[in-house]
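Commentary on secondary and tertiary structure
Letter by letter, the chains look like this.
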Amino acid sequence: MSNPFDDAQSRIREAGARAGLDADTVAQLCVPFREIHMNIPVVRDTGVLEFVRAYRVQHNRWRGPYKGGIRFHPDVNLDEVRALAAWMTIKTAVANLPLGGGKGGAVIDPKTWTEAELERLTRGYVRACEEVIGPSKDVPAPDVNTGPREMDWIVDEYATLTGDTSGAVVTGKSLACGGSEGRGTATARGGLIVLLALRERLGLPARARVAIQGFGNAGRTFARLASEAGFRVVGVSDSRHAVCCADGLDVAALERHKDISGSVGGFIDSACQTNDDLFALDCDVLVPAALENALHEGNAAGVRAKVILELANGPVTPEADRLFEQEGIVVIPDVLANAGGVTVSAFEWEQNKTGEHWTGDQVDVRLADVMEKAAQEVWSVHEELKVSLRTAAYVVALRRLQTAFDARR
Ligand code: NAD
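Criteria and thresholds
Residues numbered from 1 in each chain as written. Predicted model: local features only at pLDDT ≥ 70, side-chain atom pairs only at ≥ 80, totals over all residues. Heavy atoms only, no water. Helix = DSSP H or I, 4+ residues; strand = E, 2+ residues; numbered from the N terminus. Expected span 1.5 Å × (residues − 1). Buried < 20%, exposed > 50% of the residue type's maximum accessible area, 1.4 Å probe, protein only. Contact = heavy atoms within 4.5 Å. Domains from an automatic or database assignment. Salt bridge = Lys/Arg side-chain N within 4 Å of Asp/Glu carboxyl O. Polar contact = N/O pair within 3.5 Å; in protein donor to acceptor, adjacent residues only side chain to side chain. Nonpolar A, V, L, I, M, F, W, Y, C, P; charged D, E, K, R; others polar. Pairing = 2+ DSSP bridges. Axes fitted to C-alpha atoms, helices over the stretch in contact; angles between N-to-C directions. UniProt positions renumbered as here; feature names shortened; annotations may be inferred. Near = heavy atom within 4 Å. Areas by Shrake-Rupley, 256 points an atom, 1.4 Å probe, with all protein chains shown as cover.

Turning our eyes to something else, we now look at helix α7 (residues 217-228). In a regular helix each residue adds 1.5 Å, so twelve residues correspond to 16 Å; α7 covers 17 Å between its end C-alpha atoms and thus fits that length. Among the residues of α7, those classed as buried are Ala218, Gly219, Arg220, Thr221, Phe222, Ala223, Leu225 and Ala226. Packing partners of the buried residues in α7 comprise α6 (183-198), β6 (209-213), β7 (232-237), α8 (251-261), β9 (285-288) and β10 (307-309). Positive phi shows up at Gly230, right after α7, with a value of about 100 degrees.

Take the domain arrangement of the chain next. Segmentation of the chain into domains returns domain 1 (33-167) and domain 2 (186-328). Counting residues at the interface gives ten residues for domain 1, matched by six residues for domain 2. One can count one salt bridge joining domain 1 with domain 2. Glu292 is the partner of Arg71 in a salt bridge, and the nearest nitrogen-oxygen pair spans 2.7 Å. Applying the counting rule to domain 1 against domain 2 returns two residue pairs in polar contact (both at pLDDT 80 or more). Of the residues that constitute the side of domain 1 that touches domain 2, the class distribution is three nonpolar, one polar and six charged.

Moving on, we come to the pattern of salt bridges. Scanning the model with the defined rule gives 32 salt bridges in all. In this structure, Asp364 and Arg189 form a salt bridge, with 3.6 Å as the shortest nitrogen-oxygen distance. Here Arg189 lies in helix α6 and Asp364 lies in helix α13 (residues 360-385), a separation of 175 residues in the sequence. Between Asp259 and Arg220 there is a salt bridge; the shortest N-O distance is 3.0 Å. Here Asp259, found in helix α8, pairs with Arg220, found in helix α7; they are 39 residues apart in sequence, far enough to count as distant. What emerges from the salt-bridge pattern is a single network uniting Arg11, Glu310, Asp321, Asp334 and Arg390.

Looking now at the sheet that holds strand β4 (residues 101-106). Ordered by their spatial adjacency, five strands build an open sheet running β1-β2-β4-β3-β5, and the pairing between neighbours is mixed. In the strand order of this sheet, the two ends are held by β1 (34-43) and β5 (138-142), each with one partner. Between one strand axis and the next, the sheet turns through 20 degrees on average, direction left out of account. Examined bridge by bridge, strand β2 (residues 49-60) and β4 share six bridges and lie antiparallel to one another. If you follow Val57 over to β4, its bridge partner there is Lys103.

Further remarks concern the sheet that holds β10. Strand order in the open sheet made by the six strands is β8-β7-β6-β9-β10-β11, with mixed pairing throughout. Each edge of the open sheet carries a strand with a single partner, namely β8 (242-244) and β11 (330-332). The average undirected angle you get between the axes of adjacent strands in this sheet is 20 degrees. Alignment of β7 against β8, held across three bridges, turns out to be antiparallel. Looking at the pairing, Gly235 lines up with Cys244 of β8.

Another point: the UniProt feature "binding site: NAD(+)" (unreviewed entry) in the chain. Feature annotation in UniProt assigns "binding site: NAD(+)" (unreviewed entry) to the following positions: Thr187 and Asn217. On the basis of their most widely separated C-alpha atoms, the annotated residues across 31 residues gather in one place, lying no more than 8.4 Å apart. Among the secondary structure elements, Thr187 is positioned in helix α6. When sequence neighbours within four positions are dropped, the list of residues in contact with Thr187 reads Ala218, Leu311, Ala337, Asn338, Gly340 and Gly341. Looking at the secondary structure, you find Asn217 in helix α7.

Moving on, we get to the site of the ligand. Lining the immediate environment of the ligand, one finds 23 residues, of which Asp143, Thr187, Ala218, Asn275 and Asn313 sit closest. Asp143 places a polar side-chain atom, nitrogen or oxygen, 2.8 Å from an oxygen atom of the ligand. With respect to the ligand, the side chain of Asn275 contributes an N or O atom lying 2.7 Å from a nitrogen atom. When the free accessible area of the ligand is taken as 820 Å², the share hidden by the protein chains comes to 83%. Listed by contribution, the elements that provide at least two residues to the shell around the ligand are α6 and α7. Taken together, the residues that form the shell around the ligand break down as eight nonpolar, eleven polar and four charged.

Written as structure tokens, this is what we have:
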């Protein structure tokens, strides 16, 4: 299986060459500035002491504080966190936010942990890296298996340790703890804005058919917003099951089914049962919204969609990317497609620092402005250099990073 950090580095090198970046800039962007390895002591409910392996990787801060989520997952490893951190540097630059890139993770299976254990772990994570995070240093956020609950614990622990009660140390908090309106839906909404902005150029039909892998924060919200915007959601999957219907699924009913049963499986009689069935579904837009490397050499040839919208980070391996390019399947890359999450995170951080509270409408208008601009800029470079949208997005980001680096040396 592809190593995501190797992939991130080779994409930076390729785009760096296309953008005419100097070798020093490319070299610096190919290594994280700082990597923190932690062994977090957590007393399980049984009274047994365990040490949880965890990481914080701070990739680049030329354009602002490191920014990126914390993931709880059994497969978390250093190269994955490095790749995710590098992608954050690119993403914040694509969206032109005053932030850099970082990422964190803890190697646990949260499904086997109680809420009290997760709270002790999250607070332990803050204690283990308190000196290097903070509103002007490194601002974490949610990622896979973390959300407002964990972010609120981080605010509280950080306030206890440092006295900083602004909440600006972390984004993705609950509203009661200083979160922003619109953060919960931002990743999916941003992806939809990008899709709508490029829709005509991509030749997508009215009521385009969408299939979505992953039914968590990003995937589930995208299903709801896309169906409200007139797209037909013809298939979805989660980690265990897939479900499809050519006429379109009733997304609201599917959400209720998932809430009650814990899975999308069994919602209706369905011809597709697995993720690979879902990937091979006859549809216009395929939306991977789960984990890295979902579309690879082994299943890419089966894809029938015209467009792939990467809501997940790194869901398409370089081999699959090449195959899609040969087949004329357009990939809207993660660093553009899912930048809505970090954009509203930046808004949240700004609100915390100024003591403001923006309405949901204000957030949505500003989000649309950022995402539409980013989509247009990436499309222009795609046409200017005759490169894929992914390379174009990297070029947009790398040009901005080069400018920031040049200004300070
Ligand atoms: P989440 O934990 O809320 O949801 C993940 C979903 O993926 C779940 O439905 C899970 O069942 C499913 N899943 C896991 N393994 C799977 C598999 N092998 N096949 C099919 N489904 C599988 O996480 P999320 O926040 O929705 O994040 C999903 C992706 O989006 C990640 O790559 C994350 O980095 C990226 N992302 C999220 C945000 C955000 O704001 N939440 C922002 C940017 C990028």
